[in-house]
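Residue-level listing of the chains:
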Amino acid sequence: MFSNYLIGLREGLEASLVVCILIAYLVKTGRRDALKPIWIGIGVAVALALGFGCALEFGSQELTFEAQEALGGSLSVIAVGLVTWMVFWMRRTARHLKSELHGKLDAALQMGTGALVATAFLAVGREGLETSLFVWTSVHAAGDGTPRPLIGAALGIGTAVVLGWLFYRGALRINLSTFFTWTGGMLVVVAAGVLAYGFHDLQEADWLPGLYDKLFDISDTIPPDSWYGTLLKGVFNFQPDPTVLQVTVWLLYLIPTLVLFLLPVGFASGKGKVKAPDEQGSRPSKAPQA
């Protein structure tokens, strides 16, 4: 439940911030007449995200077991890829998000109503589709048959909406860079569990080998139906009897991704390096002429 709450909070807060920035800019520039197209675009984006989630849930029920596992495993891999890109993108652009959206909104205002609807739709729709896909894969991985994962996601989104409203009213101020760094790191851990379980689904679909090649089995120590087994499953997608492939994929994703995510921004591009004297524009002294 916590992992889905985190997903809803993180993705929902991104969407809420986008909406707040768009609306606040229009209000401050005296363009309240453009608010209606913005809300239309947001409404269409939300409806599309809900429809996408329903299509995944009800459409998969008509498939065979092997097809369901293949679909779940494939979408888990796609969802982890999207979420990984999202956390790195937000970490890199969080400081410039406001100016970037203002620029897009200025261009849309000059183009007309349709462009305003498209701007709001694209800004919010991406977050909505990512949320639907990742929540569905996370619920599929949990597989406990209870509504707790969906309740967790709904609570996270609800919290994000409240926080967004408080930001808009100026009643709440937090360091967004720090917030997205911490939640992004936790989301990478959640994504590692979803990815590992996605590969397990592909093994059950007979797309990948090694289904019965267990690395260890501690089901007697941590029963899956115990409260702590359920907690570990809900937060980290922990499985007491993982296959060798699951653990290998989990480690290969989690360690390098978390290390790269926690590196200072710009480290990989070489920013912040000390330049050698010849790179700083210093010129070699001329040799004395005879």
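Use the structure listed above.
The structure contained in this document is the topic of the report that follows. (Residues numbered from 1 in each chain as written. Predicted model: local features only at pLDDT ≥ 70, side-chain atom pairs only at ≥ 80, totals over all residues. Heavy atoms only, no water.)

The number of helices and strands found in the chain is 9 helices and 0 strands. The helix and strand sequence of the chain, counted from the amino end, reads α-α-α-α-α-α-α-α-α. Taken across its 290 residues, the chain has 42% of its residues classed as buried. Partitioning the intrachain contacts of the chain with sequence separation of at least 6 by distance along the chain shows that 82% fall at a separation of at least 24. (Helix = DSSP H or I, 4+ residues; strand = E, 2+ residues; numbered from the N terminus. Buried < 20%, exposed > 50% of the residue type's maximum accessible area, 1.4 Å probe, protein only. Contact = heavy atoms within 4.5 Å.)

Looking now at unusual backbone geometry. One non-glycine residue with positive phi stands out, namely Asp206, at about 65 degrees. Counting through the fold element by element, Asp206 comes out in the loop between helix H7 (176–204) and helix H8 (227–236). Given the relative accessible area of 67%, Asp206 is considered exposed.

Another point: the pattern of salt bridges. For the structure on display, the rule yields 2 salt bridges. For Arg31, the salt bridge goes to Asp33, with nearest N and O atoms at 3.1 Å. What makes Arg31 partly exposed here is its relative accessible area of 30%. In this structure, the salt-bridge partner of Asp241 is Lys214, at a minimum N-O distance of 4.0 Å. Taken together, the positions of Asp241 in the loop between H8 and helix H9 (244–262) and Lys214 in the loop between H7 and H8 put the pair 27 residues apart, joining distant regions of the chain. Overall, Lys214 belongs to the partly exposed group, its relative accessible area being 34%. (Salt bridge = Lys/Arg side-chain N within 4 Å of Asp/Glu carboxyl O.)

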